[in-house]
Amino acid sequence: MGNKLALHKHGFQASRLVMGCMGLGGGWTREAITADDMKKAHAAVDAALSVSINMFDHANIYAYGKAESAFGQVLKERPELRDQMIIQSKCGIRMEEGPGLPARYDFSEEHIISSVDGILERLGLESIDILLLHRPDPLMEPEVVASAFDKIKKQGKVKSFGVSNMSPTQIRWLQSCLDEPLIVNQLELNLAKLDWIDAGISVNQKAGTQLSFPEGLLEFCQMEHIQVQSWGPLSKGLFSGKDLTDKPETVRKTAELVRQLAEQKGASLEAIVLAWLMRHPSGIQPVLGTTSPDRIRACAEATGIVISREEWYDLYVTSRGVKVP
Ligand SMILES: NC(=O)c1ccc[n+]([C@@H]2O[C@H](COP(=O)([O-])OP(=O)(O)OC[C@H]3O[C@@H](n4cnc5c(N)ncnc54)[C@H](OP(=O)(O)O)[C@@H]3O)[C@@H](O)[C@H]2O)c1
């Protein structure tokens, strides 16, 4: 069976679900982290650990750095938690930093190295487990990235490396200059945005010409033992309880099907949405964006749910709104 985690092959005994930490630290404002934000951060981390989620996903930019700072504060107050965790962060995106400095990507050696230092400082750690390049930089020079990775690795600041939102060609090109294997690719994969499945079934179809998902990306990741992670796995709650006023018919029908399956299986709505994603043989790790303890626990039910082939197609085709060719 292919539905195993590639990360296990690379020595990381990661849980199937990952807690995404973008929502920690009070959100995308320049306001300081409050006591209430810290209370919420502790509660979210506790909820995740209580359902055996041991992997945590960050990025240096989340909440302008406050997500990592809040998480770092949790670890400072309870350092014993660190050993139970696999911690991943990302760099390579720069926000607008002032006049003449547009939002941009930056895979320069200086930026990668200084980003890692910032990540470690905010988390209050000497090392993290995995560093991802957040989004492909059109100005990427693989040998420059290789030099940065080499220095960071030798200094013991990062154990392993990966990417996010990259195509097979971009990964192969970067990998050709690296000594270390790239072990993660994080992508937007969910039941609302279906290009990742449509691309595979639309080969030699007219509809295939309108799709932008890179051909063979998930197959490539499986063959190369690259862990596929999904960001946006809950589609922000679209099929699991969000208000659907003004949403298209296909969304409402899909949400109703999710509700029926949840009732039949005695599971939460979130569990059905995530179990559908995890039914794909590429062994997807959903990166949960919720920070609500109740929702985190509801998500965890997904690991005990089996979605049949027929149920999987029913959900896919209902959300697609068009039969498969
Ligand atoms: N690599 C990348 O480019 C990239 C991009 C974006 C995100 N990420 C990572 O992926 C993680 C997940 O991304 P995401 O936040 O887009 O994913 P998501 O899990 O699809 O959405 C989570 C968001 O939806 C809300 N939500 C969930 N169920 C809801 C419901 N029934 N009603 C109303 N709101 C609901 C949550 O609010 P509550 O907190 O209130 O539950 C939270 O704000 C992030 O934390 C981050 O780690 C990576």
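Predicted model only: the values in this text are computed from it and were never measured.

Asks: I'd like a rundown of the site of the ligand, residues and numbers included.
Replies: Taken together, 27 residues lie near the ligand, and D57, S164, S240, T290 and R295 sit nearest. One of the backbone nitrogen or oxygen atoms of G289 is found 2.9 Å away from an oxygen atom of the ligand. Between the ligand and T290, the relevant distance is 2.5 Å, taken from an oxygen atom to a side-chain nitrogen or oxygen of the residue. Here the ligand loses 83% of its free accessible area of 920 Å² to cover by the protein chains. Per-class residue counts for the shell around the ligand are eight nonpolar, 14 polar and five charged.

Asks: I'd love a proper account of the packing of aromatic side chains, names of residues and values included.
Replies: Summed over all chains, the structure comprises nine aromatic pairs. For the pair F149 and F161, a centre-to-centre distance of 3.9 Å together with 15° between the ring planes defines the contact as stacked. One end of the pair, F149, is in helix α5 (residues 142-154); the other, F161, is in strand β7 (residues 158-164), and twelve residues separate them in sequence. You can call F161 buried: its relative accessible area is 1%. With a centroid separation of 5.5 Å and 15° between ring planes, the pair formed by W276 and W312 is classed as stacked. Taken as a pair, W276 in helix α10 (residues 269-278) and W312 in helix α12 (residues 309-320) lie far apart in primary sequence, 36 residues in all. Like W312, W276 is buried. Here the aromatic cluster, defined as three or more aromatic residues joined through ring pairs, consists of W196, W276, W312, Y313 and Y316. A cation sits over an aromatic face here: R30 above Y64, 3.6 Å from the ring centre.

Asks: Talk me through the sheet that holds strand β9 (residues 227-231); I want residue IDs and the actual numbers.
Replies: Where strands meet in a sheet, backbone hydrogen bonds hold them as pairs that are either parallel or antiparallel. Here we have eight strands rolled up into a closed barrel, ordered β1-β2-β3-β6-β7-β8-β9-β10, and parallel in their pairing. Along the sheet, successive strands turn relative to each other by an average axial angle of 30°, direction set aside. Direction of pairing for strand β2 (residues 55-57) relative to strand β3 (residues 86-91): parallel, over a ladder of three bridges. In the strand pairing of β3, D57 is matched with Q88.

Asks: With reference to specific residues and values, describe the environment of M95.
Replies: Locating M95 in the fold gives a position in the loop between β4 (93-94) and β5 (104-105). Owing to a relative accessible area of 25%, M95 belongs among the partly exposed residues under this scheme. Measuring from C-alpha to C-alpha, the distance between M95 and M223 comes to 34 Å, with 128 residues separating the pair along the chain. With near-sequence residues (within four places) excluded, M95 lies in contact with W28, I61, Y64, P102, A103 and R104.

Asks: Outline the pairing of strand β6 (residues 128-133), listing residues and values.
Replies: Taken across its six residues, β6 has six buried, putting it largely inside the fold. The pairing of β3 with β6 spans four bridges and is parallel. In the sheet register, K90 faces β6, and the bridge partner there is L132. With five bridges joining them, β6 and β7 adopt parallel strand pairing. Bridge pairing links L133 to V163 in β7. Remark: the β6/α5/β7 crossover connection has right-handed handedness.

Asks: Describe in detail the environment of A67, supporting the description with residues and values.
Replies: Mapped onto the elements of the fold, A67 is located in helix α3 (residues 66-77). Linking A67 and W28, residues 39 residues apart in sequence, is a C-alpha distance of 9.4 Å. Those residues within four positions of A67 in sequence are excluded, and the remaining contacts are C21, M22, L24, G25, H58 and Y62.

What counts, and where the lines are drawn
Residues numbered from 1 in each chain as written. Predicted model: local features only at pLDDT ≥ 70, side-chain atom pairs only at ≥ 80, totals over all residues. Heavy atoms only, no water. Near = heavy atom within 4 Å. Polar contact = N/O pair within 3.5 Å; in protein donor to acceptor, adjacent residues only side chain to side chain. Areas by Shrake-Rupley, 256 points an atom, 1.4 Å probe, with all protein chains shown as cover. Nonpolar A, V, L, I, M, F, W, Y, C, P; charged D, E, K, R; others polar. Phe/Tyr/Trp six-rings, centres within 6.5 Å; stacked < 30°, edge-to-face > 60°. Helix = DSSP H or I, 4+ residues; strand = E, 2+ residues; numbered from the N terminus. Buried < 20%, exposed > 50% of the residue type's maximum accessible area, 1.4 Å probe, protein only. Lys NZ or Arg CZ within 6 Å of the ring centre and 35° of its normal. Pairing = 2+ DSSP bridges. Axes fitted to C-alpha atoms, helices over the stretch in contact; angles between N-to-C directions. Contact = heavy atoms within 4.5 Å. Right-handed = clockwise from strand over helix to strand, strands pointing away.

These values are about where atoms sit, not about what they do.
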